[in-house]
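An overview of the molecular structure
If you want the building blocks of each chain, they are given just below.
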Amino acid sequence: MNKKQILALTGAACMSVALLAGCGNNGNNETPSGEEGGNEAALTGTVATGGSTSMQSLMSMMQEAFMAENTGVTVTYDPTGSGAGITGASDGTLDIGLSSRVLHDDETDVEAITVCLDGIAIVTNTANPVENLTLEQLAGIFTGEITNWSEVGGNDAEIVVIGREAGSGTRDGFEEIVGVADQCQYDQELTATGAVTAAVAANENAIGYASLSAVDDSVNDPTVEGVACTEETVQDGSYVLQRPFNFVVKKDAELSDAAQAFITWATDGSANEWILEAGCVPVA
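Let me begin by describing the structure that accompanies this report. Keep in mind it's a predicted model, so treat the numbers as computed, not measured.

1. Considering the pairing of strand β1 (residues 45-51)
The element β1 is extensively covered by neighbouring structure, given that 5 of its 7 residues are classed as buried. In this structure, β1 lies alongside strand β2 (residues 73-79), joined through 7 bridges in parallel fashion. Its bridge partner being in β2, V47 is matched across the sheet by V75. Traced from β1 through helix α2 (residues 56-69) to β2, the parallel crossover comes out right-handed. The pairing of β1 with strand β3 (residues 96-99) spans 3 bridges and is classified as parallel. Paired with T49 across the two strands is I96, which belongs to β3.

Structure representation (structure tokens):
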């Protein structure tokens, strides 16, 4: 091979290497459109939620799980009661309000998105022998028509009625289903689900109501109309004291990408593991 042939081959080889290098990285070290590894941009921002205290266990789990998957997002939660959650969604101070009741007829500027279902358990002290109560008996107890446990098969002792404050989703749900709205006679009105169960646990003659997810071994939960409050009986509708856990958003408001992503994640089945762990019943 002569000198001209060697030079020609060398030049062709160099040109091929240059072309291959150019095709591999567009002449620099960036991927097309400036994306890292071709992935979509990560979500960022804060999602402000607040409202129902009955949803506290659920929200704690969903916050942690969603933020673990989306490290650029912070989801906050202020347990202020369902009424405050709906108001916050309406006036824009919250991205997502949390309500453990259906919307009232006059709450027309917001809409509810059901995340899951919850049973409203009746709770009594562990020393109370009463194992079942009918809706009629519950109505009598909470309106003050039945004042002694002996009237419903219990001990000869005065009944102490404990409930939630006005505006509570648990209270609204219980009173509406039992048919005693604005008629209940409470000895104590407390501002959180946990406070109700604690008060009942501390008083042998007390009765109250609480979210299924808040019921533990510190209290008894008698059946209602012969049906226990469980995930299964809430799901199949046989347990009558049940209500929705809702995300509430303002109608026609433009949500941030992070807020919309959190709603989608919570309602498309992705959060069912955490919904079940919180003692609630998925709907997706």
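There's plenty left to go through after this.
2. Considering the side chain of T124
You can see T124 is positioned in strand β4 (residues 110-124). Classification of T124 as buried rests on a relative accessible area of 1%. In this structure, T124 is in contact with W149, V200, A206, I207, V219, N220 and P222, ignoring residues within four places of it in sequence.

3. What about the pattern of salt bridges?
In the structure shown here, the tally under the stated rule is 7 salt bridges. The residue D172 makes a salt bridge to R101 at a minimum N-O spacing of 3.1 Å. Of this pair, D172 sits in helix α5 (residues 169-178) while R101 sits in the loop between β3 and β4; the two residues are 71 residues apart in sequence, bridging distant segments of the chain. Using a relative accessible area of 5% as the deciding quantity, one classes R101 as buried. For D109, the salt bridge identified is with K250, shortest N-O distance 3.3 Å. Taken together, the residues D109 in the loop between β3 and β4 and K250 in strand β10 (residues 242-250) connect sequence positions 141 residues apart. Taking relative accessible area as the criterion, D109 reaches 31% and is therefore assigned partly exposed. Residues participating in the shared-partner salt-bridge network are R101, E107 and D172.

The rules behind each value
- Residues numbered from 1 in each chain as written.
- Predicted model: local features only at pLDDT ≥ 70, side-chain atom pairs only at ≥ 80, totals over all residues.
- Heavy atoms only, no water.
- Buried < 20%, exposed > 50% of the residue type's maximum accessible area, 1.4 Å probe, protein only.
- Helix = DSSP H or I, 4+ residues; strand = E, 2+ residues; numbered from the N terminus.
- Pairing = 2+ DSSP bridges.
- Right-handed = clockwise from strand over helix to strand, strands pointing away.
- Contact = heavy atoms within 4.5 Å.
- Salt bridge = Lys/Arg side-chain N within 4 Å of Asp/Glu carboxyl O.

These figures capture arrangement, not role.
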